[in-house]
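Overview (structure and organization)
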Amino acid sequence: MTADLPQEPDSSAVLPLAQALLMPRIAIESTSPVLDGGQFAAKATVGQQVPVTSKVFTDGHDQLAVTLSWRVTGSEAWNTSAMQFMGNDTWCGAFPVEDKGRYVFFIEAWIDRFASFCHELEKKHQAGVPVSLELQEGRVLVQHAIELTQGPLQTQLQALLRDLSGLLETEQVALFISEHSTQLMAQAQSRAYLSQSPHYPVEVERGLAQFASWYELFPRSVTDDPSRHGTFNDVRQRLPMIHDMGFDVLYFPPIHPIGRRYRKGPNNSLQAGPDDPGSPYAIGSEEGGHEAIHPQLGTREDFRRLVADAADHGLEIALDFAIQCSQDHPWLQQHPGWFNWRPDGSIRYAENPPKKYQDIVNVDFYAPDAIPALWLELRDIVLGWVVEGVKIFRVDNPHTKPLPFWQWLIADVRAVHPEVIFLAEAFTTPAMMARLGKVGYSQSYTYFTWRNTKAELSAYFTELNQSPLRDCFRPNFFVNTPDINPSFLHDSGRPGFLIRAVLASMGSGLWGMYSGFELCESAALPGREEYLDSEKYQIRPRDFSAPGNIVAEISQLNRIRRQNPALHSHLGLTLYNAWNDSILYFGKRSADGSNFVLVAVNLDPHNVQEAHFELPLWEMGLADDAHTAGEDLMTGHRWTWYGKTQWMRLDPSQQPFGIWRIKPL
């Protein structure tokens, strides 16, 4: 016996008259930001104004009044403001979000009898049409409003009706359409044919969910000797340099005990020597599982000191939440029913053909023994690390775990700790990546890693700024990861690393880099986008002051990001004309228009590129021959631009990009 499935609506069904009479006369549709009809919450951050737009219209020519109402969940009081008509049935408004958590908003619309009267009255009067009867109708409207009100408002309306008496026709028209009269009548009149939209949710997070610079490192490699395992205390010595480069988040791959069975050796080999550290993603040993710390990294007290010391340096620690186990994980003995076992009694290990991960096994979220015990255990692991001061989690391969699990876990954690941020490490189909954002992920890895040409980058930047992605998906532009050594970097040298750093740091409010990028490390496994001697399988000491590093440039890029509000989000990016297919040219402008940054990037790391380009003078309301002030944000050099069309030359051997702040003179 199967459960009854929901039936599709019958589009040919006759609409009963009784139902039609109850339907709203005013249409409220195409409201934004709304995800899947309000099934999921749109995203915002504390301190923002959430812009709301909607198509609102009705039959005939009556004037409409449209309002926007909002409140934070748990509050009984609604806040309301008028929406503004922008033409073509479009109404716009905005509301402030001052606290973390869930907000809801809705739109109301009604026929504004008095505004409709004033609109008609003014048009007729200006056209020289007699309006004596209209003036009489207007006085009737005021009289009706008096009958519906009381107190001071009624007294003011009575005064208005008295003032209308004895005035000349032109004076009456002026008094009717005055701001004073329209405000009084707006407070008094009934709301004819009132229509209301559904309530739509908005999830508000702290600013770091939208604007942050991430730095990833393996704590075990913070050492000067490949035979000595780095520790949390060693990482504490690195904090000043990471802070000075301008990063906000210091992210660690898993810090848990590493299994021994099927441990991988260097370059993912199946044979590991007795001293090989193995992959930290093979989580679990006799020392513990996801709740424990790998003994060679230090104690829990060492970790707590690191979290505190990082905070003193303006850094938050982010941990990897990887829901996978080594074959030594305690769960295999304690909860065998949480895993998939093959007919021969062996356990199914993880695969991503052609890759095989013999050192890793996955849990079965829907195994009979796993519901709800496994789900609750994983939730409690996250909450346990939150207690230790970790408020940011980078989640490994979330698209391979059930979406209902994430929707429940993230909401459950954030209900108690709304400051917690989740980053999805998902390189998968667009629909799945968007859905992860909808079910609660604060931000996500992206396709940026593989977008290199002007056409590719232009299309992707545009897509991220359009619905639905603009409302549910915050892109974190990681330039590299321990798993991904992008092919663009293999032979592009120092200019290539600068190109990718600028595109990432200027293109999105969120960007990240994996340790070694600042040293322009690019040695790859032949024919693969993977690092030779990958740090995933061995300890890799580094000299971070090695010649050729781009530490100074990265520091300045992060400084520019902090100092320019226009760069605090991926939203608002506009592509402009530069007549060279090897130069990407775009700009960002703050909401109030006071901060305007232009970015031009030579996408060719080997050759000088030149182009004529346009200054977006029209966006500042300036004529094509206007003078504007320019400032190079990398060097501090200032100048005056004359007119709209300019020329640039970008030399990769010096600086393959330009970042300019523009102001009207």
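Nothing here was measured: the structure is a model prediction, and the numbers come from that model.

Calculation criteria
Residues numbered from 1 in each chain as written. Predicted model: local features only at pLDDT ≥ 70, side-chain atom pairs only at ≥ 80, totals over all residues. Heavy atoms only, no water. Helix = DSSP H or I, 4+ residues; strand = E, 2+ residues; numbered from the N terminus. Buried < 20%, exposed > 50% of the residue type's maximum accessible area, 1.4 Å probe, protein only. Contact = heavy atoms within 4.5 Å. Lys, Arg positive; Asp, Glu negative; His and termini not counted. Charge placed at Lys NZ, Arg CZ, Asp CG, Glu CD. Core = buried A, V, L, I, M, F, W, Y, C linked by side-chain atoms within 4.5 Å. Domains from an automatic or database assignment. Phe/Tyr/Trp six-rings, centres within 6.5 Å; stacked < 30°, edge-to-face > 60°. Polar contact = N/O pair within 3.5 Å; in protein donor to acceptor, adjacent residues only side chain to side chain. Pairing = 2+ DSSP bridges. Axes fitted to C-alpha atoms, helices over the stretch in contact; angles between N-to-C directions. Parallel < 35°, antiparallel > 145°, perpendicular 65-115°, else oblique. Left-handed = near helix turned anticlockwise from the far one by under 90°. Nonpolar A, V, L, I, M, F, W, Y, C, P; charged D, E, K, R; others polar. UniProt positions renumbered as here; feature names shortened; annotations may be inferred.

1. Considering the overall build of the chain
- Counting its regular elements, the chain contains 16 helices and 28 strands.
- Sorting the 665 residues of the chain into buried and exposed places 53% on the buried side.
- The contacts in the chain between residues at least 6 apart in sequence include a share of 74% that link residues at least 24 apart.
- For the chain, the centre of its 55 positive side-chain charges and the centre of its 78 negative side-chain charges are spaced 2 Å apart.

2. What to know about the nonpolar core
- Within the largest apolar cluster, 104 residues are counted, with the highest numbers of intra-cluster contacts made by F303, W406, F422 and I659.
- Considering every element that reaches this core, the biggest residue donor is helix α15 (residues 493–507), with eight residues.
- Counting contributing residues, this core receives three or more from each of domain 3 (256–292 + 325–362) and domain 4 (573–664).
- If sequence neighbours within four positions are ignored, W406 has contacts with F321, I323, V395, P398, K401, A411, L436, V439 and Y441.
- A44, V50, L68 and F95 belong to the second-largest nonpolar core, a separate cluster that totals 23 residues.

3. Things to note about the packing of aromatic side chains
- On inspection of all chains with the given rule, the structure shows 43 aromatic pairs.
- Ring plane angle 90 degrees and centroid distance 5.3 Å describe the contact between W375 and F405, whose orientation is recorded as edge-to-face. Of this pair, W375 sits in helix α10 (residues 373–387) while F405 is found in helix α11 (residues 403–416), placing the two residues 30 residues apart along the sequence.
- On the basis of relative accessible area, W375 is assigned to the buried category, the value being 13%.
- Taking the relative accessible area as the measure of exposure, F405 reaches 0% and is therefore buried.
- Their ring planes at 70 degrees and their centres at 5.5 Å tell us that W406 and Y441 sit as a pair that is edge-to-face. Placement of the pair is W406 in helix α11 and Y441 in the loop between α12 (430–438) and β18 (443–444), with a sequence separation of 35 residues. Across the pair, exposure class does not vary: W406 and Y441 are buried alike.
- The rings of F321, F365, Y366, W375, F393, F405, W406, W408, F422 and Y441 are connected pair by pair, giving a single aromatic cluster.

4. Notes on the side chain of E425
- The residue E425 is located in strand β17 (residues 421–425) in this model.
- A distance of 2.9 Å separates the side chain of E425 from the backbone nitrogen of N397, its partner in a polar contact.
- If we ignore the near neighbours within four places in the chain, the residues touching E425 are R394, V395, D396, N397, P398, H399, Y445 and D483.

5. Side note on the sheet that holds strand β26 (residues 638–642)
- With respect to topology, six strands assemble into an open sheet ordered β21-β22-β23-β28-β25-β26, the strand pairing being antiparallel. This sheet does not close on itself; its edge strands, each paired only once, are β21 (574–575) and β26.
- The sheet contact formed by strand β23 (residues 596–602) and strand β28 (residues 657–664) spans five bridges and is antiparallel. Bridge assignment links V599 to a residue of β28, and that residue is I659.
- Relative to the sheet, helix α13 (residues 454–464) contacts β21 and β22 (583–589), its axis offset from that of β22 by approximately 20 degrees.

6. Structural notes on the packing of helix α4 (residues 151–164) against helix α6 (residues 179–188)
- At a minimum axis distance of 10 Å, the contact between α4 and α6 shows a crossing angle of 135 degrees. Taken together, α4 and α6 sit at an angle that is classed as oblique. For the crossing formed where α4 meets α6, the hand is left-handed. Packed against α4, whose contacting residues are L153, Q156, L157 and L160, the element α6 presents H180, S181, L184, M185, Q187 and A188 at the interface.
- For the contact of α4 with α6, a count of residues per class yields six nonpolar, four polar and no charged.

7. A few points about the UniProt feature "site: Transition state stabilizer" (unreviewed entry) in the chain
- On the UniProt side, "site: Transition state stabilizer" (unreviewed entry) is annotated at positions that read D483 here.
- Counting through the fold element by element, D483 comes out in the loop between β19 (476–478) and α15.
- Not counting residues within four places of it along the chain, the set of residues in contact with D483 comprises E425, E529, E530 and K536.

8. A few points about the environment of K43
- Its place among the elements puts K43 in strand β2 (residues 42–45).
- Accessibility expressed as a relative area gives 16% for K43, which makes it buried.
- When residues no more than four places from it in sequence are discounted, the contact partners of K43 are V202, E203, E205, G437, G440, Y441, S442, D471, C472, F473 and R474.
- Engagement of the side chain of K43 in a polar contact is seen with the backbone oxygen of G437, the distance being 3.0 Å.

9. Things to note about the sheet that holds β19
- Here we have eight strands laid out as an open sheet, ordered β18-β17-β16-β13-β12-β11-β20-β19, and parallel in their pairing. The open sheet has two edge strands, β18 and β19, and neither has a second partner.
- Packing of α15 onto the sheet brings it into contact with β19 and β20 (510–514), and relative to β20 it is tilted by some 145 degrees.

10. Structural notes on the UniProt feature "domain: Glycosyl hydrolase family 13 catalytic" (unreviewed entry) in the chain
- Within this numbering scheme, the UniProt entry marks residues 216–561 as carrying the feature "domain: Glycosyl hydrolase family 13 catalytic" (unreviewed entry).
- For the annotated span residues 216–561, helix accounts for 32% and strand for 12% of the residues, and the straight-line distance between the end C-alpha atoms is 19 Å.

11. Things to note about the environment of A629
- Within the secondary structure, A629 sits in strand β25 (residues 627–632).
- Taking the relative accessible area as the measure of exposure, A629 reaches 23% and is therefore partly exposed.
- Considering only alpha carbons, one finds A629 and F247, 382 residues apart in sequence, at a separation of 30 Å.

12. Things to note about the domain arrangement of the chain
- With domains assigned, the chain is organised as domain 1 (20–112 + 195–204), domain 2 (113–188), domain 3 (256–292 + 325–362) and domain 4 (573–664).
- The straight-line distance from the C-alpha centre of domain 1 to that of domain 3 is 50 Å.

13. A closer look at the side chain of N465
- With respect to the element layout, N465 can be found in the loop between α13 and α14 (469–472).
- N465 gets classed as buried once you look at its relative accessible area, which sits at 15%.
- Polar contacts involving the side chain of N465 include one to the main-chain carbonyl oxygen of H570, which spans 3.1 Å.
- Of note is the side chain of N465, whose polar atom sits 3.5 Å from the backbone nitrogen of L573.
- Excluding anything up to four places from it in sequence, N465 contacts R470, H570, L571, G572 and L573.

14. Remarks on the pairing of β22
- Along β22, six of the seven residues are buried, which leaves the element largely enclosed by surrounding structure.
- With two bridges connecting them, β21 and β22 associate as antiparallel partners. In the sheet register, L575 faces β22, and the bridge partner there is F586.
- Across seven bridges, β22 lies against β23 in antiparallel orientation. In the strand pairing of β23, K588 is matched with V597.

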